[in-house]
Amino acid sequence: MNAPSPDTQKNMANAIRALSMDAVQKANSGHPGLPMGAADVATVLFTRFMNFDASDPHWPDRDRFILSAGHGSMLIYSLLYLTGYRDMALEDLKNFRQLGSKTAGHPEYGHAAGIETTTGPLGQGIANAVGFAIAERHLAARFGDELVNHKTYVLAGDGCLMEGISQEAITLAGHLKLNHLIMLWDDNGISIDGKVSMSDSTDQVARFKSANWNVTSVDGHDTAEIAAALQAAQSSDKPSMIACKTIIGFGAPTKQGTAATHGSPLGAEEIAGARKALGWNHAPFHVPDDILNAWRDAGSRGIQMRKDWEQRLASSTHKAEFSRVASGGLPANFDEVISNYKKELAKNPPWIATRNSSQNALDVINAAVPETIGGSADLTGSNNTKSKDLKPLNAADYGGRYVYYGIREHGMAAAMNGMALHGGVIPYGGTFLVFTDYCRPSIRLAALMGIRSIFVMTHDSIGLGEDGPTHQPVEHLAALRVIPNLRTFRPCDAVETAECWQLALQNATGPAVLALTRQKLKPARLAYSAKNLCALGAYEIAPSAKKSKAVIFASGSEVEIAMEAKATLDKAGTPTRVVSVPSMELFEKQSKAYKEKLLGAEKIRIAIEAGVAQGWNRFIGNDGVFIGMNTFGASAPAEDLYKHFGITAKTVIKAAKR
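Residues numbered from 1 in each chain as written. Predicted model: local features only at pLDDT ≥ 70, side-chain atom pairs only at ≥ 80, totals over all residues. Heavy atoms only, no water.

1. Re a positive patch on the surface
Part 1 of the argument: There is a patch of like positive charges on the surface, built from K643, K650, K654 and R658.
Part 2 of the argument: In this structure, R658 sits in the segment after α26 (649-657). (Patch = residues over 30% accessible without salt bridge, like charges linked within 9 Å, V, L, I, M, F, W, Y side chains within 5 Å. Areas by Shrake-Rupley, 256 points an atom, 1.4 Å probe, with all protein chains shown as cover. Salt bridge = Lys/Arg side-chain N within 4 Å of Asp/Glu carboxyl O. Lys, Arg positive; Asp, Glu negative; His and termini not counted. Charge placed at Lys NZ, Arg CZ, Asp CG, Glu CD. Helix = DSSP H or I, 4+ residues; strand = E, 2+ residues; numbered from the N terminus.)

See below:
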């Protein structure tokens, strides 16, 4: 599309400014400064460079736009309305920040087409964009440029660049030479407290250059400079950062360039002054037909590109497989693959750590599900996330399926989210369970968005031993289980581990954490079951031959302890059953009748987990006994620690007798 005339382009940008300040004013809440300041940048990007089709917003080869500075959400909402996305009407802008509205305070994935990710926690969008760019390059290597060849654009603010996650993200992107990633920095020099110079003096241009990015600085209100920089970025050999010097709240006569425009309505008087200064003599929320039509032309600019792509897909030998992975569906034989693997495990039950069980399962899964992309935050040999056939994904070979993320737990988790959001790949990545603290914001956002990111978290208890309490998770399982829409799996052996992987991969509407042991575990599931028992969340893994007087609930490594205690209690005349609880979340999804039957009515009720007690009252009630942790751990061999903290079969037996 040719550049609109200077006057038209000016008015198109002013339409964004007007809609943004009107919506914030009507809601009496919001952030008008960024949309008003970045309007010129966004106008050039969307009218001349973004390849998209507003009438088909899910076209797989569209360019992606990510608003990392999510507080400026009226920028993306205005763009979606102006370019003609069907599910973003003017009425939605008028309902900005209202209950049930698509136009939430910060952009939320799934609320409206064109919102590629949920942003707001600053820096997340940058790291998501890195994941989008990784997925794009990988899929291009797999299916060819004729099917996958698009850009990822991300608009970030000063706050995004101050957040630590941004450093993890930009250095990874530079290392991987993700040349289809283009960042627009809204360099307005203002944060909530005032001038950025009060808190930061980083030379961002030098910072990005040192991270192996191409960097250009432009006047963010000079459309020719913006366009020239974006044009140069199209053929870059590495990621590009365009530093756009802007004036926050551009057009507000007394508040522009100040923190007063950042996070508050401008007020009626200031808005009237802005209308006069901008030459925008139109009623609130009104965009003249000529300006709206110019925007709609921009929104339809990609129709022919999309049709041409559809023809290439129709004639491609990759059509069926590309369509499958783009839809998020697993291979048709996936369940059969898992079933056959479980049969093999039943023949030779392995006595190994569940982290090793996970790697063995991945050897099977990754061979059958070619869209998985694994990785680890510098703990590959500990997390066991690299199956035998995976090759590294790097700047020399984007076709690889294993990312060496380095010591970047937070950046890894957020990049995984970006990969999942992009589609066509299923990301999983590993670190130690204790470092879910570093990943938690990204795990939470994955749950909020309802996307399939799989977090492989090993060394899941004091069972990791000598590394001590800094590395021994105690409160982490409980903390993860309270995140809505997150499934936390803690399998007890190889069979449960395979089943938990199956469940994690089958759930396309939410993330999963697999909590896995360092220490070896005795196999508990010795007979083949066609049914995925872990799908029940909790199930009777060792029934009582007689009417049971005691019930022991346990997860993961502590199922072995429960089984040992049961054997002794049975012999002592206290018939006992053991319930394995690999997923509390899935248990709560079962029928009331199933839950009541499984919980039972035994008076002797014990739960065992090498973590804190929170969550286990659901199983044992207020009168039951919990055997676990109520302090931090210690540095010692695992066997000594279990004895020291009383997480043993002897403790269980004593509790039952009491």
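Moving on, there is more to tell.
2. Points about the packing of helix α15 (residues 354-368) against helix α20 (residues 494-506)
Part 1 of the argument: Relative to each other, α15 and α20 sit at 55°, their axes nearing to 9 Å. Considering the angle they form, α15 stands oblique to α20. The two elements α15 and α20 cross, and the hand of that crossing is right-handed. Contacts between α15 and α20 pair T354, S357, S358, A361, L362 and I365 from the former with A494, T497, A498, W501 and L505 from the latter.
Part 2 of the argument: When grouped by side-chain class, the residues that make up the contact of α15 with α20 number seven nonpolar, four polar and no charged. (Axes fitted to C-alpha atoms, helices over the stretch in contact; angles between N-to-C directions. Parallel < 35°, antiparallel > 145°, perpendicular 65-115°, else oblique. Left-handed = near helix turned anticlockwise from the far one by under 90°. Contact = heavy atoms within 4.5 Å. Nonpolar A, V, L, I, M, F, W, Y, C, P; charged D, E, K, R; others polar.)

3. Section: helix α5 (residues 124-143)
Part 1 of the argument: Across its 20 residues, α5 extends 28 Å between first and last C-alpha, which sits within 8% of the 28 Å expected from 1.5 Å per residue.
Part 2 of the argument: Counted residue by residue, α5 has 18 buried out of 20 residues, so it is predominantly covered.
Part 3 of the argument: Where α5 terminates, the next one or two residues include G144, which has phi positive at roughly 100°. (Expected span 1.5 Å × (residues − 1). Buried < 20%, exposed > 50% of the residue type's maximum accessible area, 1.4 Å probe, protein only.)

4. Quick notes on the packing of aromatic side chains
Part 1 of the argument: Under the counting rule described, the total for this entry stands at 14 aromatic pairs.
Part 2 of the argument: Both rings, one in Y402 and one in Y404, keep their centres 5.0 Å apart while their planes meet at 70°; by these two values the pair is edge-to-face.
Part 3 of the argument: With relative accessibility at 45%, the residue Y404 sits in the partly exposed group.
Part 4 of the argument: Taken together, a centroid distance of 5.4 Å and an interplanar angle of 80° make the contact between Y428 and W501 edge-to-face. (Phe/Tyr/Trp six-rings, centres within 6.5 Å; stacked < 30°, edge-to-face > 60°.)

5. As for the environment of G302
Part 1 of the argument: The residue G302 is located in the loop between α11 (289-300) and α12 (303-314) in this model.
Part 2 of the argument: Measuring from C-alpha to C-alpha, the distance between G302 and S55 comes to 9.3 Å, with 247 residues separating the pair along the chain.
Part 3 of the argument: Ignoring sequence-local partners within four residues, the contact set of G302 consists of F52, D53 and W59.

6. Quick word on the sheet that holds strand β10 (residues 426-432)
Part 1 of the argument: On the basis of which strands lie adjacent, the open sheet formed by six strands has the order β9-β8-β10-β11-β13-β12 and parallel pairing. For this open sheet the edge positions go to β9 (402-404) and β12 (487-489), each flanked by a neighbour on one side alone. Here the average twist between neighbouring strands, direction ignored, is 20°.
Part 2 of the argument: The pairing of strand β11 (residues 454-458) with strand β13 (residues 512-515) spans four bridges and is parallel. (Pairing = 2+ DSSP bridges.)

7. Comments concerning the pairing of β13
Part 1 of the argument: Covered by surrounding structure in β13 are A512 and L514 together with V513 and A515, the residues of both alternating faces.
Part 2 of the argument: As paired elements, β12 and β13 share three bridges and run parallel to each other. Directly across from T488, in β13, lies its bridge partner V513.
Part 3 of the argument: A crossover links β12 with its parallel partner β13, the connecting element being α20, and its sense is right-handed. (Right-handed = clockwise from strand over helix to strand, strands pointing away.)

8. A few points about the nonpolar core
Part 1 of the argument: In terms of nonpolar packing, the biggest core is built from 137 residues, with M183, W213, L230 and W295 touching the most fellow members.
Part 2 of the argument: Looking at this core element by element, the count peaks at eleven residues for α5.
Part 3 of the argument: With sequence-adjacent residues up to four places away left out, W213 is seen in contact with I170, A173, G174, L181, M183, F208, K238, P239, S240 and M241.
Part 4 of the argument: Membership of the second largest hydrophobic core comes to 33 residues, among which are L533, A565, A636 and Y642. (Core = buried A, V, L, I, M, F, W, Y, C linked by side-chain atoms within 4.5 Å.)

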